[in-house]
Amino acid sequence: MATVTDPALTGQATAKTAEQAGSGERVAGAQSPEMTDGFHLVIDGLKLNGVDTIFGLPGIPITDFTRMAQAAGIRVISFRHEQNAGNAAAIAGFLTKKPGICLTVSAPGFLNGLTALANATTNCFPMILISGSSEREIVDLQQGDYEEMDQLAIARPLCKAAFRVLHAEDIGVGIARAIRAAVSGRPGGVYLDLPAKLFAQTLEAEAGRRSLIKVVDPAPRQLPDAEAVKRALELLKGAKRPLILLGKGAAYAQADADIRALVERTGIPYLPMAMAKGLLPDTHEQSAAAARSYVLPEADVVMIVGARLNWLLSHGKGKTWGGKGHKDWGGQKFIQVDIWPQEMDSNVRIDAPVVGDIGSCVCALLAGIGDDWARPSAEWLGAIAERRDKNVAKMAETLAKDPVPMNFHSALAVVRDIVRANPDAILVNEGANALDFTRSIVDMYKPRKRLDVGTWGIMGIGMGFSVAAAVVSGQQVIAIEGDSAFGFSGMEVETICRYRLPVCVVVLNNNGVYRGTDVNPAGGPDVAPTVFVKGARYEKLMEAFGGVGAHVTTPAELRKAMEEAIRSRRPTLVNAVIDETAGTESGRITSLNPQSAKKK
Ligand SMILES: Cc1ncc(C[n+]2csc(CCOP(=O)(O)OP(=O)(O)O)c2C)c(N)n1
Ligand SMILES: [Mg+2]
C-alpha cells in the first residue's frame, strides 16, 4: 500500500508516494516509488547538517515550508519583521559557530532581511538568508510577477556568497555550499535563493536522499605558518610596553581558555573590544580598559587578536595612537592574528602577520611562549595601574551619586550590580549614550555575554538578538536599550511573550535620540527631529502581550524590577525614566558629525 499519511504532519520529512506528489493517476501501491519534493529536501538537507532552529516570517512561497519544518522537528521562531529574524539568525551564528538560518518571502521580505545579512557580513557572523523568490523567466523578462525581483543579483554585493538552486536535485549542493561559505575562513552572511517552483518539484525519495550532503568539517582549522609565529613572538619578546587587543573574532573562536592563558602567561596588559568583554573578566588585573587613552599611544608593540584596525580603533593611527596629525602613524609595531590574509596592512603596516584561525594561532603562540616568558616591566604595568586606579576611583564616585532625576550613571550602577550577580545572563545593548555608558560601566565576566551594535553601530539589533540569545542559550537575557534604539525592533516584544522567553528589556528613556531637550529651530508646532513623545509608557507594550511592565524613576525601583524579572524569568520591560538632559550628541562619537561651514 502506498503511504497515505501526510509526511508533513508526522514529522517524517520524506515519505511521499508518487500519487501524493501529484503524479496524476493512482499508481499500484507496492510498485510506486517513494517520492519526495523540494520542500522536504530543503528540510532534510538542513537537518542533516544539524540545523535545529529557523528564524523567519511566513508568506508566499514559504508558508507551507515553515509548517513542514516545524512538523519535522525544527524549531521555527516566527517574527513580526524580517530584519529582526535576520538579526536573530546572525547572532545565533555568532554564539554557536554554526550558520544561523533566516527564512523570508520574496522581494519585500527578502529586502527586509537584507540589512541583517549585510550587517552579519560586516561583523563576520555566519548566517544564511534563505528567501523564496518568483519565477526566473518572468523576473528575467521583467514581466511583472508577484513580488518580482532579481534577488540574487541584489544580495550578491552585500554578502560573502550568494547561490540559487533551480532543480531539486541540486538542493543538497546548494545547502552545503551555503554552509561552507558562511562558516569557513572569515565567517559571513550567505544568501540562498529558492524559487517558488523548486519547492513543488518532485524526485524519487532515494535519489533525493543520495543528493543531500552532510558537510564534513565545515570550518576547517587553518594552522598558522611556524615562521610567522616565530616572527611574532620575537617582536613581542623585544617589546618594552606591549599590549594585547582582543576583538569579537577572539570571542567567536571559542578558544577561551587558551586566550586567557596567552594573556596571563605573558603578563601583558590587554584591551577588550566591546563584544570581547568578558573573554577575561573585566575585573581582571591585566585589563587596561580603564586606561585606554594612555595605553594606545604609549604601547610599542600591539598584538591584535581577532580585531580589525577600523574606525573603532581609529584606523591604528592619528592622535589616539600617538601620531601627530589624524593620518600620522604612532611609533607602534603591530602583530595581527586574523584568519583573513587581506586584513593585514589594511590601515597601517603589520610587522608580524599571523594568519590562521584564532584558536590554532593562539595555541601555536602559547606553545612558543613556554613557561619562562619575561613579564613586562614594572614601570609599564605600574604606569597603567596608576591611570586605571585613578579612572576607576573617579567612576566609582560618579556611580555612587543618586541624582534626581535618575541619570545614565545611577541607572547603570544598578545594571552593573545585577550583571555581577548573574554572570551567565546575556547582555544585549544598543543606543548612543545608552550604549557607550553601558559598555564602560557594566563589567562582563564570561565570554560571549555581551552582544551589541557591532562594527556599523547599527540600531535595531535589540529584540532580534535578545530572542536568539534566549533561544539558543536558554539563559536570562538583559537588553539595555536607548528609547530610540528600542523603537527599531520594539514590536518583537510580542515574539518574546509568545515564546515566553526570559528577556528583561530596560529602556533608558530620555525622551529622544541622544536626549529629549532639542527644540525646533523654526519654532513651529513640530518638535525637533531628535525628540519623541515625552513620558512615553513603553512598558505598556509588554503588558499588551501578557508580559510584565514596570515604570521606574529611581535606582531602587529599577533594581527591584530587574531582580523580579530575573527571578521570575518572565518577559519584562522596565521603562527607566532618566534625566532627558543627560545624553550628548551621538554619545562618544560626536566628532563624527560633519560641521556646517556656515555660521549658525
Ligand atoms: C539603522 C540606524 N539608523 C540610525 C542610526 C543613527 N543613530 C545612532 S544612535 C541612535 C539612537 C540614539 O538614541 P537612543 O537609542 O535613545 O540612545 P540615547 O543616546 O538617547 O541613550 C540613532 C538613531 C543608526 N546608528 N542606525
Ligand atoms: Mg534616548
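Keep in mind it's a predicted model, so treat the numbers as computed, not measured.

A. Highlighting the overall build of the protein. Regarding its fold elements, the protein presents 23 helices and 20 strands. A globule of 600 residues ought to have a C-alpha radius of gyration of about 25 Å, and the protein, at 26 Å, matches this closely. By its C-alpha atoms, the protein is 85 × 65 × 55 Å across when sized along the principal axes. Evaluated residue by residue, the protein yields a buried proportion of 56% over its 600 residues. A separation of at least 24 residues holds for 75% of the contacts in the protein among residues at least 6 apart in sequence. With the model as given, the accessible surface of the protein reaches about 25,500 Å², and the carbon-plus-sulfur share is 53%. Side-chain charges of the protein comprise 65 positive and 65 negative groups, with the mean position of each set lying 5 Å from the other.

B. Focus on the site of ligand 1. Contacts to ligand 1 come from 16 residues, most closely from Asn433, Gly457, Asp483, Ser484 and Ala485. Between asparagine 510 and ligand 1, the recorded distance is 3.0 Å, taken from a side-chain N or O atom to an oxygen atom. Coverage of ligand 1 by the protein chains reaches 76% of its 590 Å² of free accessible surface. Listing elements by their share of the shell around ligand 1, those giving two or more residues are helix 18 (433-441) and helix 20 (483-487). In terms of residue count, the dominant contributor to the shell around ligand 1 is helix 20 (three residues). Residues belonging to the shell around ligand 1 are distributed by class as follows: eight nonpolar, seven polar and one charged.

C. Expanded view of the side chain of glutamine 476. By the secondary structure assignment, glutamine 476 is in the loop between helix 19 (462-473) and strand 17 (477-482). You can call glutamine 476 buried: its relative accessible area is 6%. A polar contact of 3.0 Å, which involves the side chain of glutamine 476, links it to the backbone oxygen of proline 502. Contacts of glutamine 476, omitting those with residues within four sequence positions, involve Ala425, Ile426, Pro502, Val503, Cys504, Ala565, Ile566 and Arg569.

D. Local environment of the sheet that holds strand 8 (residues 189-195). Strand order in the open sheet formed by six strands is 4-3-5-6-8-7, with parallel pairing between adjacent strands. Each having just a single partner strand, strand 4 (75-78) and strand 7 (161-164) make up the two edges of the open sheet. Neighbour-to-neighbour, the strand axes of the sheet open up by a mean angle of 20°, direction not taken into account.

The rules behind the values
Residues numbered from 1 in each chain as written. Chains lettered and ligands numbered in written order. Predicted model: local features only at pLDDT ≥ 70, side-chain atom pairs only at ≥ 80, totals over all residues. Heavy atoms only, no water. Helix = DSSP H or I, 4+ residues; strand = E, 2+ residues; numbered from the N terminus. Rg over C-alpha atoms; globule rule 2.2 N^0.38 Å. Buried < 20%, exposed > 50% of the residue type's maximum accessible area, 1.4 Å probe, protein only. Contact = heavy atoms within 4.5 Å. Areas by Shrake-Rupley, 256 points an atom, 1.4 Å probe, with all protein chains shown as cover. Lys, Arg positive; Asp, Glu negative; His and termini not counted. Charge placed at Lys NZ, Arg CZ, Asp CG, Glu CD. Near = heavy atom within 4 Å. Polar contact = N/O pair within 3.5 Å; in protein donor to acceptor, adjacent residues only side chain to side chain. Nonpolar A, V, L, I, M, F, W, Y, C, P; charged D, E, K, R; others polar. Pairing = 2+ DSSP bridges. Axes fitted to C-alpha atoms, helices over the stretch in contact; angles between N-to-C directions.

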